[in-house]
Amino acid sequence: MFESIRPIQLLADVDPLQYPGPAWSPYVVGGLIGLLSMLTFYFSNKPLGASTAYARVAGLIGLQVAPRHTRSLHYFRDNPPKVGWELMLVLSVIAGAFLSAWTGGELTSRFLPAMWQDRFGADSYLLRAAVAFAGGLLMAFGARMAGGCTSGHGISGTLQLAIGSWVSAICFFIGGIIAAMLMYSM
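Since this is a predicted model, take the numbers as computed values, not measurements. (Residues numbered from 1 in each chain as written. Predicted model: local features only at pLDDT ≥ 70, side-chain atom pairs only at ≥ 80, totals over all residues. Heavy atoms only, no water.)

Chemist: Where do I start with helix α5 (residues 85-103) in this structure?
Modeler: Count 3.6 residues to each turn of an α-helix, and residues three or four apart come out pointing the same way. Taking 1.5 Å per residue as the helical rise, α5 with its 19 residues ought to reach 27 Å, and the 26 Å between its terminal C-alpha atoms agrees with that figure. Taken together, the buried positions of α5 are occupied by Glu 86, Leu 87, Leu 89, Val 90 and Ala 101. Take α5 and look down its axis: the buried residues cluster within an arc of 165 degrees, on one side only. Residues of α5 that are exposed and point more than 90 degrees away from the buried face comprise Trp 102 and Thr 103. Packed against the buried residues of α5 are α1 (26-44) and α2 (51-65). Once α5 finishes, Gly 105 follows within two positions and takes phi at roughly 70 degrees, a positive value. (Helix = DSSP H or I, 4+ residues; strand = E, 2+ residues; numbered from the N terminus. Expected span 1.5 Å × (residues − 1). Buried < 20%, exposed > 50% of the residue type's maximum accessible area, 1.4 Å probe, protein only. Arc of directions from axis to C-beta. Contact = heavy atoms within 4.5 Å.)

See the structure below:
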């Protein structure tokens, strides 16, 4: 299986300014993320993170579906469901991703990427939606179990020199490399 994996190009061999397609400069994006993180600490005295927003949305839905049960949960007694800055951050990330793709000339109207179609067929919309939903559930579960998401650990935690966040960030990269190797070798 691993015999067919192409060698990974080292970062030193890649010039991010010579990207063949339209995209935002990684230096500008990195600087903007650092500025956002600094402003988040300054104005809210809290680290940047997104997984809390999902828990709050679940609580808001729970209040509509089963209010007595939702209010009885220990987590929601300590963290009442509300529309807070974390939810606004998640909505802003979605809007920012759209604007970035649009201004970078990378906005497509395809639900199924070419690699997915090659592997699973051009009519696998339901499978793609199911896999995306399952992946989202697993990521949300993992983020809540780990005490934070990739942005919480990878950006805010590492900026605070938290050992657990550095370990998490290293594991994110290792997992991403393994997933990419598996995806691109098949």
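Chemist: What is the right way to read the layout of surface pockets from this model?
Modeler: Approximately 1100 Å³ is the volume attributed to the largest pocket. Elements that contribute at least two residues to the lining of the largest pocket include exactly α1, α2, α5, α7 (125-145), α8 (150-159) and α9 (163-185). Considering each element in turn, the lining of the largest pocket owes the most residues, 8 residues, to α5. A class-by-class count of the residues in the lining of the largest pocket yields 23 nonpolar, 11 polar and 1 charged. (1 Å grid on protein atoms, 1.4 Å probe; cavity = no way out; pocket = protein on both sides within 12 Å on 5 of 7 lines; lining within 4 Å. Points joined across faces, edges and corners; volume = space filled by probe spheres on them. Nonpolar A, V, L, I, M, F, W, Y, C, P; charged D, E, K, R; others polar.)

Chemist: Any chance you could explain α7 here in plain terms?
Modeler: When the terminal C-alpha atoms of α7 are compared, their 30 Å separation across 21 residues agrees well with the 30 Å that a helix rising 1.5 Å per residue should span. Gly 147 occupies a position one or two residues after α7 and carries a positive phi of about 75 degrees.

Chemist: Quick question: what am I supposed to make of unusual backbone geometry here?
Modeler: The phi angle of most residues is negative, glycine excepted, and most peptide bonds adopt the trans form. Backbone geometry places Asn 45, a non-glycine residue, at a positive phi of 55 degrees. Examined against the element boundaries, Asn 45 turns out to sit in the loop between α1 and α2. Residues other than glycine seldom take positive phi values, yet Leu 161 does so here, at roughly 60 degrees. Positionally, Leu 161 belongs in the loop between α8 and α9. In this structure Leu 161 comes out as exposed when scored by relative accessible area, which is 62%.

Chemist: Would you mind going over the nonpolar core with me for this structure?
Modeler: As a rule of thumb, soluble globular proteins bury nonpolar side chains together. Formed by Ala 50, Ala 53, Leu 87, Val 90, Ala 143 and Cys 149, the largest nonpolar core amounts to 6 residues. Dropping the residues within four chain positions of it, Leu 87 is found in contact with Ala 53 and Val 57. (Core = buried A, V, L, I, M, F, W, Y, C linked by side-chain atoms within 4.5 Å.)

Chemist: Could you clarify how one ought to interpret the packing of α2 against α5 in this entry?
Modeler: Axes are the key here: two packed helices are described by the angle between their axes and the distance separating the axes. Packing of α2 against α5 leaves a shortest axis separation of 8 Å and a crossing angle of 110 degrees. If you check the angle between α2 and α5, you find them roughly perpendicular. The chirality of how α2 crosses α5 is left-handed. Within the contact between the two elements, α2 uses Thr 52, Ala 53, Tyr 54, Arg 56 and Val 57 and α5 uses Glu 86, Leu 87 and Val 90. Classifying every residue of the contact of α2 with α5 gives 5 nonpolar, 1 polar and 2 charged. (Axes fitted to C-alpha atoms, helices over the stretch in contact; angles between N-to-C directions. Parallel < 35°, antiparallel > 145°, perpendicular 65-115°, else oblique. Left-handed = near helix turned anticlockwise from the far one by under 90°.)

Chemist: Before we go on, may I ask you to explain the packing of aromatic side chains in this structure?
Modeler: Each aromatic ring pair is summarised here by two numbers: the centre-to-centre distance and the angle between the ring planes. All chains considered together, the criterion is met by 4 aromatic pairs. Ring centres of Phe 98 and Trp 102 lie 6.3 Å apart, and the angle between their planes is 20 degrees; on these two criteria the pair is classed as stacked. One end of the pair is Phe 98 and the other is Trp 102, both in helix α5 and 4 residues apart, which spans about a single turn. Judged by relative accessible area, which is 45%, Phe 98 ranks as partly exposed. Classification of Trp 102 as exposed rests on a relative accessible area of 55%. With 4.3 Å between their ring centres and 45 degrees between their planes, Trp 116 and Phe 120 make a pair best called tilted. Here Trp 116 and its partner Phe 120 are both found in helix α6 (residues 114-120), 4 residues apart, which amounts to about one turn of the helix. Given the relative accessible area of 13%, Trp 116 is considered buried. Phe 120 sits in the partly exposed class, given a relative accessible area of 44%. Above the plane of the ring of Trp 116 lies Arg 128, whose end atom (NZ or CZ) is 5.3 Å from the centre. (Phe/Tyr/Trp six-rings, centres within 6.5 Å; stacked < 30°, edge-to-face > 60°. Lys NZ or Arg CZ within 6 Å of the ring centre and 35° of its normal.)

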